[in-house]
Amino acid sequence: MEDVAIIGAGPAGSTLAALLAGRGISVALYDRDAFPRDKLCGEFLSYDALPVLEPLGVVDEIDKAGAPRIERCRVVGSKRTYEFAFPHAARGVSRFYLDDLLHRVAQQRGARAMVNTVNELPEAKVIVGAWGRWGRFDQQLGRKFVRDRSHRNFGFKRHYRRVEDRQSCLSGTGRIACPPPSNVIDLHSFKRGYLGVNAVEGGITNICGLVHASRLAHHKGKWDAFIETIRAEEPRLEELYARHEPAQDGYLSSEPVIFRARSAVEGGVFMIGDASGVIDPLTGNGMAMAIQSALLLAPHIVRLLEQHAGRNEIENEYRRAHRKMFLARIAWSRRVASLLSRPRLLDTALTTTSSPRIGELLLRHTRASRDEIARLADAWF
Ligand SMILES: Cc1cc2nc3c(=O)[nH]c(=O)nc-3n(C[C@H](O)[C@H](O)[C@H](O)COP(=O)(O)OP(=O)(O)OC[C@H]3O[C@@H](n4cnc5c(N)ncnc54)[C@H](O)[C@@H]3O)c2cc1C
């Protein structure tokens, strides 16, 4: 029997597998998908994830792959714009590349990866749920958020290229140097939803959005028709889409995204990543939280396997540590998202402020400080 079975090999599951296997713990890492695979996501990797990924060699690799550094954020209302700087550079990196890389790193460090849709909880001393925000086990474990019908949102994403790149990268004689990728993430507001726009590796711009289910009633799953509607509503979205052309067939969309509190341990299963709590995507902090929750859980698993304390005690310790690290961030993210999904109200708010302190305040409340995570990572590695 394996020491640890991890169900789900997204950023949370693969990071935990890499951390534990690197310590000589036997780990089985299951995912229903073979890697590489695409995934719905804004693909903005926040700077507070990097101290965990650096010692695993992942940041060097994504930099070599050309992942753009994202240094500023611009909030775009109907008429007004507000811009602020990040204290450290984040990265724009596709999930096709990042998840595959993390999965390979976990295996290089000794985890046993299996392509397998897990239908029954596997046999292992410790079971970890890293299956993302919505999985079959959520129903089986009777988790309350599954019954929530009123807070459902849907995500959509598509990769694009900038029209200006096509025009300027091709001269009469062939290719010439293209303009550098943008180092800004744009957050665009529309009624009951928003879009994030940032560059990823390979000259690609990712446009990814989240919208409340009530706005999709007349579109019957046709994302093109929905995009036409929001382009007509918001002139700045019209400008945005006019500057880009699709680099990918069709849209990737998500299962419902439900923002309700979740427990970090349920039925003896330790949860990490989205399975343990979903932060609003507007923060671009979901992957960072997934990676940080893996780092938070890893020492608890070591203590459990080495029988330093009883199982109940360790479960409660992890619950408390998880709540302390993530609960307030999740609550703040919802408040900010509710403003971003109201373009007129956002404009009013942006009229009254241009201070960079607002940006600092939002960052402080919706993510960890790089130093805090660096300290935790130093203690592990
Ligand atoms: C619209 C939108 C935009 C977002 N934009 C960003 C962003 O820009 N930046 C950011 O940091 N975060 C963003 N997020 C959030 C981010 O995508 C998640 O927080 C992150 O993917 C969570 O990682 P995870 O490892 O917990 O889960 P996931 O990445 O969802 O991985 C779960 C894995 O489990 C596997 N799995 C599930 N069930 C089973 C099973 N039964 N058996 C085997 N395998 C299984 C799946 O195949 C999957 O690979 C966004 C989310 C949405 C909805």
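Residues numbered from 1 in each chain as written. Predicted model: local features only at pLDDT ≥ 70, side-chain atom pairs only at ≥ 80, totals over all residues.

Looking at the overall build of the protein chain
Here's step 1: Helix and strand content of the protein chain: 13 helices and 18 strands.
Here's step 2: Relative to its length of 381 residues, the protein chain is compact, with a C-alpha radius of gyration of 21 Å against a globular reference of 21 Å.
Here's step 3: C-alpha atoms of the protein chain, sized along the principal axes, occupy 65 × 50 × 40 Å.
Here's step 4: Once local pairs closer than 6 in sequence are excluded, the contacts in the protein chain between residues at least 24 apart make up 76%. (Helix = DSSP H or I, 4+ residues; strand = E, 2+ residues; numbered from the N terminus. Rg over C-alpha atoms; globule rule 2.2 N^0.38 Å. Contact = placed C-beta atoms within 7 Å.)

With respect to the site of the ligand
Here's step 1: Lining the immediate surroundings of the ligand are 40 residues, of which Gly10, Gly42, Gly132, Gly273 and Gly286 lie closest.
Here's step 2: Taken together, the elements giving at least two residues each to the shell around the ligand come down to helix H1 (11-21), strand E2 (27-31), strand E13 (204-212) and helix H9 (286-305).
Here's step 3: If you tally residues by element for the shell around the ligand, the top one is H9, at four residues. (Near = placed C-beta within 6 Å.)

A closer look at H9
Here's step 1: The terminal C-alpha atoms of H9, which comprises 20 residues, lie 28 Å apart, in line with the 28 Å expected from a rise of 1.5 Å per residue.
Here's step 2: Burial of H9 is extensive: 16 of the 20 residues sit out of reach of the surface.
Here's step 3: Positioned one or two residues after H9, glutamine 307 has a phi angle of 55°, which is positive. (Expected span 1.5 Å × (residues − 1). Buried ≥ 20, exposed ≤ 12 C-beta atoms within 10 Å, placed from the backbone.)

Quick notes on the packing of helix H7 (residues 223-233) against helix H8 (residues 235-242)
Here's step 1: With their axes 5 Å apart at the nearest point, H7 and H8 run at an angle of 125° to one another. The pairing of H7 with H8 is recorded here as oblique in orientation. Side by side, H7 and H8 meet where Ile227, Ile230 and Arg231 of the first sit next to Leu237, Glu238 and Tyr241 of the second.
Here's step 2: The residue makeup of the contact of H7 with H8, split by class, is four nonpolar, no polar and two charged. (Axes fitted to C-alpha atoms, helices over the stretch in contact; angles between N-to-C directions. Parallel < 35°, antiparallel > 145°, perpendicular 65-115°, else oblique. Nonpolar A, V, L, I, M, F, W, Y, C, P; charged D, E, K, R; others polar.)

Observations regarding the nonpolar core
Across soluble globular proteins, nonpolar side chains show a tendency to be buried alongside one another.
Here's step 1: Counting residues in each nonpolar core, the largest one holds 104 residues, and the members touching the most others are Ile6, Leu16 and Ile272.
Here's step 2: Sorting elements by how many residues they give to this core places H9 first, with 12 residues. (Core = buried A, V, L, I, M, F, W, Y, C linked by C-beta atoms within 7 Å.)

A closer look at the environment of phenylalanine 326
Here's step 1: Along the chain, phenylalanine 326 turns up in helix H10 (residues 311-340).
Here's step 2: Through-space distance from the C-alpha of phenylalanine 326 to that of glutamine 292 is 9.7 Å; in sequence the pair is 34 residues apart.
Here's step 3: Beyond its immediate stretch of four places on either side in the chain, phenylalanine 326 contacts Gly277 and Met289.

Shape is all these values report; function is a separate question.
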